[in-house]
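# Remarks on the overall topology
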Amino acid sequence: MALVGRIYFNAVFGALGGLLGWMLFGVFGDKNVPDSERFWFSPLFWQLLGGGAFIGGAIGYFVVSVEAIRDRSLLRFVRLAAYGVVLGAMGGAVGILIGEGVNYRLVGWIGASRDRPVLHLLGAMLARGLGWMFLGVAVGFSEGIAARSLGKFSYGTLGGAIGGFIGGMLFGLALERANVSGGHASLWGAIGLIILGACIGSLSALVQSVFQPASVKVLRGWQEGREYPLDKINTLLGRDEHADIALFRDMKVEKKHAVIQRAGQRYLLRNNNAPSEWTRVNDRPVSQSCDLHDGDRIQLGNILLRFQARAAGVKNQKSRG
């Protein structure tokens, strides 16, 4: 259920980003930009560049900051959202230009749509998929950079690329439907961007969850039922706004209470100068450090967590430490 919840929230916030991008583009975009045979640095070029930046920035804004929003952490939200907006805007701008360029080449190669409508549709979908894949990559980049996590960087980038490609293809399908419907073009454009954002958000979360080596799940206390991935070498737990696993509303939890450290194939809980009576593993006080094994229960203050080693290659050795 924790995985489903994570995918759900990422999909919802990604869809909101797509909707916001469509609204911003509708407000600030110039609808009367003439076509031009000389595309580069023409009015059409700047129109597409700005539109891609609006769409990518909005999707990146929501997808990258979703964890901070769920934690209700204002400082983390500001930091994560900044990365998401900047890198998402860059990815969106590049992606839309590549998509349009590839689409132009494919249409020229395939021929007129009236002669080969199916090939034309597939070409348009493939072009948009390849283009928006760059937005998904940028969102994955920004997630990893903001979290300072190599695991989130690599898996988030992979998931974002897959989501961007699939969402981009569906976006291309929506655009073709808009061209057919005529009067409902704006509606189909909005639907396409909502689907694009949802795909990037959900696929990014899915791939990260599948490949994450370990996680902790909140069994009691703040954010009960929430699952946090352990995708960094050192994962900070505490009440601090910048903690990787923010445990608010329990004053017995220190701001920087403990660190879960990955050392090779081992995971260790290190007490960060917090009272040992409020730092326990399987109800045993931890004054310095303790090895963690699959299913171990970690108690910080009154908050109870369960350590979960998911990857088959992660084997905690009880004889060490």
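Structure: above.
Being a predicted model, the structure only gives us computed values, none of them experimental.

Before going further, it helps to examine the sheet that holds strand β4 (residues 245–246). The 5 strands are arranged β4-β3-β5-β6-β9 in an open sheet whose pairing can be described as mixed. Looking at strand neighbours, the two that pair on one side only are β4 and β9 (289–292), the edges of this open sheet. In this sheet, β4 lies alongside strand β3 (residues 234–238) in parallel orientation, the contact comprising 2 bridges. Across the sheet, G238 pairs through a bridge with A246, a residue of β4.

Bringing the pattern of salt bridges into the picture now. Summed over the entire model, instances satisfying the criterion amount to 7 salt bridges. The closest approach of N and O atoms between D244 and K232, which form a salt bridge, is 3.0 Å. Here D244 is found in the loop between β3 and β4, whereas its partner K232 is found in the loop between β2 (227–229) and β3, with 12 residues between them in sequence. On the accessibility criterion, K232 (18% relative accessible area) is buried. One salt bridge in this structure joins R280 and D283, with 3.8 Å as the shortest N-O distance.

Another aspect to go through is the pairing of strand β10 (residues 297–300). Both strand β7 (residues 279–281) and β10 contribute to a ladder of 3 bridges, which runs antiparallel. Paired with T279 across the strands is L300, a residue of β10. Both β10 and strand β11 (residues 303–309) contribute to a ladder of 4 bridges, which runs antiparallel. Following the sheet pairing, Q299 is matched in β11 by L304. Linking β10 to β11, which pair antiparallel, is a turn of 2 residues; within it G301 sits at a positive phi near 65 degrees.

Calculation rules
Residues numbered from 1 in each chain as written. Predicted model: local features only at pLDDT ≥ 70, side-chain atom pairs only at ≥ 80, totals over all residues. Heavy atoms only, no water. Pairing = 2+ DSSP bridges. Helix = DSSP H or I, 4+ residues; strand = E, 2+ residues; numbered from the N terminus. Salt bridge = Lys/Arg side-chain N within 4 Å of Asp/Glu carboxyl O. Buried < 20%, exposed > 50% of the residue type's maximum accessible area, 1.4 Å probe, protein only.

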